[in-house]
Amino acid sequence: MKLHLQTLLTQAIDRLRQDGWLPGAVPVDIPLERSRDRTHGDFASSLALSLAKIARCKPRDLAERMVAALPASDRLAKVEIAGPGFINFFLTPTAYHATVGEILERGDAFGRSALGGGRRVQVEFVSANPTGPLHVGHGRGAAFGATVANLLEAVGYQVHREYYVNDAGRQMNILAASIWLRYLEHCGEPIRFPSNGYRGEYVRTIAAQLYAEQGSAYVVPAARVFADLPADEVRDEAGNLLGTGDKEIYIDALVERAKALLGDHHYRYLFERGLNTILDDIRDDLREFGVVYDEWYSERTLEEQGAVNQTLHRLRTAGYVYEKEGALWFRSSAFGDEKDRVVERDNGQTTYFASDIAYHLEKFERGFDWVIDVWGADHHGYVPRVKAALQALGENPDRLDVLLVQFAILYRNGERAQMSTRSGEFVTLRELRQEVGNDAARFFYVMRKSEQHLDFDLDLAKSQSKDNPVYYIQYAYARVCSVLRQLREKGFSRDEQRGLAHLSQLSELHEEALLVALSRYPEVVEAAALSHEPHQLAHYLRELANAFHTYYNEHRVLVPDDALRDARLNLSLATRQVIKNGLNLLGVSAPEVM
RNA sequence: GCGCCCGUAGCUCAGUUGGAUAGAGUGUCGGCCUCCGAAGCCGAAGGUCGUGGGUUCGAGUCCCGCCGGGCGCGCCA
C-alpha cells in the first residue's frame, strides 16, 4: 500500500518536472507515513514541504499542483491538502478489505518480504564463555539476537545464526584449574581458592562428578599444588586490597602447576570435562528457550588452523604491529581507536582481542554481505578496536554492525532481585525461565529498546491478567480460537469465500480500526527488521490485540446473518493469523486455549 | 578527566528518514457480564518532553553548552 502511494507521488513529480514546475533533482525517498489522526486520512506526505524551497513557491501551492498531477487509483477515496502543505491520502474501504484476503491467502507467509534480496547476513549472539551457566544478562542477548535474526529472515535475508565458543582461551584453563581445586577439596585436601577462580556452585558439581567417575586418580597433595607460587591478590571483607599479590599472575601460575602435576593426559581430560559439561548445558538451555543456531564456531579450531597467527602476520606485514615492553601491539589508534592494543602478551600468549580479530576476518572471508554482532553494552569500548583491525586488514568495517544490549535488572515485589556475579551467586537464565516461563521471558526481554536498561518485573511476567502484555496478546489469539469452537457448537457453517465476497459489510468503526492495524503489519516487520528493533513488533502486537479486544467487546462475531458472520469470521481469523506470525517472530507461543 | 548510552505523565516506557493537538501500559477514581472467554472493554484525571542556547516554514527528534544517572577507559574476557 505504502509503496503504491509512493509510486503515485513519484509519477506526479515526474509530470511536474516535465511541465517545468520542478528542477531536475528528484528525491530518492518519498516521505510517506501513517497519519496519526484519522482526520488526516490514512497516509500523509510532507513532500511538498520539503520540495517547496527548490521549487521556489509556497508549499501549499506546490501541493496543489502535485495532487492535480497525481495519477488516478482505485485505492484512493480522496486526497486532501492540509496544514502547511501536507498531502493526506484517504484510502477506499476496498483497499483495506483486500488485506483480509491477502492475510488468509498467504497465511504464515503474510508479512514476509523479499526486501533483503537473499543477501547473506550473519548474526552472532550470546557467545558467552563456556565457563558457567548462562545468566539473565545473556538471556536478553539471546532473545534479542534470535528475534533480530528472525526479523531479518522474514524480510528476505539469508540468515546465519552463530555462537562463538571461546573454548581456547585462558579462561578455560582457569575453569579447569577451578574444577581441579574443588575436586581436591572434595577429596579432603586443604585448598585455598584463588581470588580469580570460578567460585560458582556448578564448579563443585562438576568436581563431584569427576570424583564419582574417576575416583582419586587426580589427587595431588595440596602442599605440592601450592608450593612456591607467587602471591595471590588478597582483600579484606570490605574489599580493600591487602598485600601486593597479582591475581592474574597467580592464576596463570596455578594453571601451569596443574598442567605440570596432572600431566598432559589428565589435564586434557579435566579441561574437556569442564568445557563439555558447561557447553552442553548452554546448548540445552538455549534450545529450550527457542534459540537455535546454525553453527557453533570454535575458537580452538580457529587457533589450531593457525588463523590467529596468520592474522597477526598480516597485520605485521601491513605495518600496524610493533613491539613495546616485551609485548606486541596493534596500532589501532591509527584507525580512530583511543589507544593501541596488545595482541600478544609478554609471556607469549595471544590476547582475546587477537583471536577476535582473526575471527572477524574469517567471518568476512566466509563471504557474508553483512555481519552483525550482539554484545553486552559493557563491551561498547571494544567496538572501535575491532573495526580498526578490520580496516587495517583492508576490509570495509561498515559491513560489521555491533548491536549493544543493556543489562536486565530483575525486580520482585518492587525490589531488585539480581545478585552479584562476583560471588558466583547469580540468577541463571534457566531459573528465570522456570519461574516466569519461556513466553514471558522472550517477550519481556525484547519489550524495550535494546540500548535501554530493562526493568524486568518478575511478578508482572507471571501474572495472568491484562497487565501482562504476553497474556493480553495470547488471549486475543485464544479468543478467536474459542469463537471457532463456538461456531461448531452452535451448528453454524463457515464459508470463507462468502465472507470474502461480503467484506464490504465490515463498516463498523472498530472494524475499520482493526483493518488498519492488520494492514500495518508488513510495515512494522520491515521497520523492526531494518532498524534491529524487535520492541517495535512487541508494541505493535499489543496494539493489534487491543484493537481486537475492543472490537470483540463491542460486536458479536457469530451473528445470524450468514454473510456478515462469515465476513467477521474472516476478519477474526486474519487477526489470529497476524498475531501468530508476530508472536512466532518473537519466539512466543500462540496457545489455542489458555 | 575522556568516550559511549540514557533523561518524555506518580511508576515502566513508545514516539516511524525532523511534521499537524506529545501517546500507551500501570497506578488512582468512576462505569460495563440474561449476550461468542470479564485473562476483556469504556471513561476521567495526570506533561515547563532534565536544562539553556542554536539550526528552520516546523524540534521530544538535529547541533553546542550545562545538570543528573548508567557503562567503559587492563599485557581480563
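Residues numbered from 1 in each chain as written. Chains lettered and ligands numbered in written order. Predicted model: local features only at pLDDT ≥ 70, side-chain atom pairs only at ≥ 80, totals over all residues. Heavy atoms only, no water.

**Focus: the overall build of chain A**
Then, in step 1: Check the secondary structure of chain A and you find 21 helices and 17 strands.
Then, in step 2: Its C-alpha atoms put chain A at 90 × 65 × 45 Å along the principal axes.
Then, in step 3: A total of 594 residues make up chain A; the buried ones form 51% of that total.
Then, in step 4: Across chain A, every contact between residues at least 6 apart in sequence was considered, and the portion connecting residues at least 24 apart equals 72%.
Then, in step 5: Element-wise, carbon and sulfur atoms account for 47% of the exposed surface of chain A, whose accessible area totals about 27200 Å².
Then, in step 6: Between the mean site of the 69 positive side-chain charges and the mean site of the 83 negative ones, chain A shows a separation of 3 Å. (Helix = DSSP H or I, 4+ residues; strand = E, 2+ residues; numbered from the N terminus. Buried < 20%, exposed > 50% of the residue type's maximum accessible area, 1.4 Å probe, protein only. Contact = heavy atoms within 4.5 Å. Areas by Shrake-Rupley, 256 points an atom, 1.4 Å probe, with all protein chains shown as cover. Lys, Arg positive; Asp, Glu negative; His and termini not counted. Charge placed at Lys NZ, Arg CZ, Asp CG, Glu CD.)

**Here we look at the protein's contact with RNA strand B**
Then, in step 1: Residues in contact with RNA strand B amount to 65 residues; listed here are only the nearest, R345, K466, Y472, Y475 and R556.
Then, in step 2: A share of 64% is what sugar and phosphate atoms reach among the atoms of RNA strand B within 4 Å of the protein.
Then, in step 3: At 3.2 Å from a sugar or linking oxygen of RNA strand B is found a side-chain nitrogen or oxygen belonging to H453.
Then, in step 4: Taken together, the residues of the surface near RNA strand B sort by class into 22 nonpolar, 21 polar and 22 charged. (Near = heavy atom within 4 Å. Polar contact = N/O pair within 3.5 Å; in protein donor to acceptor, adjacent residues only side chain to side chain. Nonpolar A, V, L, I, M, F, W, Y, C, P; charged D, E, K, R; others polar.)

**With respect to the nonpolar core**
Then, in step 1: Core analysis: the largest hydrophobic core is formed by 160 residues, its most contacted members being L152, W180, L432, Y445 and F456.
Then, in step 2: Ranked by residue count, the leading element in this core is helix α9 (residues 247-288), at 15 residues.
Then, in step 3: Those residues within four positions of L432 in sequence are excluded, and the remaining contacts are V136, L410, G437, A441, Y445, F456 and L458.
Then, in step 4: The next biggest cluster of nonpolar side chains, apart from the first, holds 31 residues, and it includes A358, Y359, F364 and A388. (Core = buried A, V, L, I, M, F, W, Y, C linked by side-chain atoms within 4.5 Å.)

**Points about the UniProt feature "short sequence motif: 'HIGH' region" (unreviewed entry) in chain A**
Then, in step 1: As recorded in UniProt, the sites labelled "short sequence motif: 'HIGH' region" (unreviewed entry) are residues 128-138.
Then, in step 2: Counting secondary structure, residues 128-138 comes out at 27% helix and 0% strand; the distance between its end C-alpha atoms is 7 Å. (UniProt positions renumbered as here; feature names shortened; annotations may be inferred.)

**Side note on the packing of aromatic side chains**
Aromatic ring pairs are reported here in terms of the distance separating the ring centres and the angle at which the planes meet.
Then, in step 1: As enumerated under the stated definition, the model contains 25 aromatic pairs in all.
Then, in step 2: An angle of 20 degrees between the planes, with centres 6.4 Å apart, marks the rings of F330 and F335 as stacked.
Then, in step 3: Residue F330 is classed as buried on the basis of its relative accessible area, which comes to 0%.
Then, in step 4: Ring geometry for W375 versus Y382: centroids 5.7 Å apart, planes at 65 degrees, classification edge-to-face.
Then, in step 5: Looking at W375, the relative accessible area reads 11%, which means it is buried.
Then, in step 6: Ring-pair connections join several aromatic residues into one group, and the members of that group are Y320, F330, F335, Y352, F353, W375 and Y382.
Then, in step 7: In this structure, R542 is placed above the aromatic ring of Y472, and the distance from its NZ or CZ to the ring centre is 4.1 Å. (Phe/Tyr/Trp six-rings, centres within 6.5 Å; stacked < 30°, edge-to-face > 60°. Lys NZ or Arg CZ within 6 Å of the ring centre and 35° of its normal.)

**Regarding the packing of helix α5 (residues 136-154) against helix α21 (residues 562-586)**
Helix packing geometry: the angle between the two helix axes and the distance between the axes.
Then, in step 1: At their nearest, the axes of α5 and α21 sit 7 Å apart, and the two run at 130 degrees to each other. Judged on the interaxial angle alone, α21 and α5 are oblique. Every residue of α21 that contacts α5 at T147, N150, L151 and A154 is listed here: N584, L585 and L586.
Then, in step 2: Taken together, the residues of the contact of α5 with α21 sort by class into four nonpolar, three polar and no charged. (Axes fitted to C-alpha atoms, helices over the stretch in contact; angles between N-to-C directions. Parallel < 35°, antiparallel > 145°, perpendicular 65-115°, else oblique.)

**So, the sheet that holds strand β5 (residues 120-124)**
Then, in step 1: Strand order across the open sheet formed by five strands is β9-β6-β5-β13-β14, with parallel pairing between neighbours. The open sheet terminates on both sides in strands that have one partner only, identified here as β9 (295-298) and β14 (400-405). Between one strand and the next, the sheet's axes are offset by a mean angle of 25 degrees, whatever the strand orientation.
Then, in step 2: Contacts between helix α12 (residues 352-365) and the sheet are confined to β5, β6 (158-165), β9, β13 (370-376) and β14, with β13 contributing the most and set at about 145 degrees to the helix.
Then, in step 3: Helix α13 (residues 383-392) rests against β13 and β14 of the sheet, and its axis sits at about 170 degrees to β14. (Pairing = 2+ DSSP bridges.)

**Here we look at the pairing of β13**
On any regular strand, side chains alternate: one points to one face of the sheet, the next to the other face.
Then, in step 1: In terms of burial, β13 is a largely internal element, six of the seven residues being buried.
Then, in step 2: Pairing geometry for β5 and β13, over four bridges, is parallel. Of the residues in β13, the one forming a bridge with Q122 is V371.
Then, in step 3: As judged from the six bridges shared by β13 and β14, these two strands associate in the parallel manner. Along β14, the bridge assignment pairs V371 with L400.
Then, in step 4: Handedness of the β-α-β unit built from β13, α13 and β14 comes out right-handed. (Right-handed = clockwise from strand over helix to strand, strands pointing away.)

**Section: the domain arrangement of chain A**
Then, in step 1: According to the domain assignment, chain A contains domain 1 (2-91), domain 2 (170-286) and domain 3 (467-586).
Then, in step 2: Computed over C-alpha atoms, the centres of domain 2 and domain 3 are 57 Å apart. (Domains from an automatic or database assignment.)

**Focus: the packing of helix α7 (residues 201-214) against α9**
Then, in step 1: Orientation of α7 relative to α9, taken along the N-to-C sense of each, is 125 degrees, at an axis distance of 11 Å. Taken together, the axis directions place α7 and α9 in an arrangement best described as oblique. Here α7 runs over α9; the crossing is right-handed. For the pair formed by α7 and α9, the contact residues are Y202, I206, Q209, L210, E213 and Q214 on the first element and Y269, L270, R273, T277 and I278 on the second.
Then, in step 2: Here the residues of the contact of α7 with α9 sort into six nonpolar, three polar and two charged. (Left-handed = near helix turned anticlockwise from the far one by under 90°.)

**Remarks on the sheet that holds strand β17 (residues 454-457)**
Then, in step 1: One open sheet holds the three strands; their spatial order is β16-β15-β17, and the pairing between them is mixed. If you trace the sheet from one side to the other, it starts and ends with β16 (415-416) and β17, each paired once.
Then, in step 2: Sheet topology places strand β15 (residues 408-412) next to β17; four bridges connect them, and they run parallel. Residue pairing in the sheet places L410 in a bridge with F456 of β17.

**So, helix α1 (residues 2-18)**
Then, in step 1: Here α1 contains 17 residues, and its C-alpha end-to-end distance of 25 Å stays within 8% of the 24 Å for a straight helix at 1.5 Å per residue.
Then, in step 2: Those residues of α1 lying buried are L5, Q6, L8, L9, A12, I13 and L16. Buried residues of α1, seen end-on, are gathered within an arc of 155 degrees and therefore sit on one face of the element. In α1, the exposed residues that point more than 90 degrees away from the buried face are L3 and Q18.
Then, in step 3: In this fold, the buried residues of α1 make contact with β2 (43-45), α2 (47-55), α3 (59-69), β3 (76-82) and β4 (86-91).
Then, in step 4: The first or second residue beyond α1 is G20, which carries a positive phi of 85 degrees. (Expected span 1.5 Å × (residues − 1). Arc of directions from axis to C-beta.)

**Focus: the UniProt feature "domain: DALR anticodon binding" (unreviewed entry) in chain A**
Then, in step 1: With numbering aligned to this structure, UniProt lists the feature "domain: DALR anticodon binding" (unreviewed entry) at residues 473-594.
Then, in step 2: As annotated, residues 473-594 has a helix share of 75% and a strand share of 0%, and its two end C-alpha atoms lie 12 Å apart.

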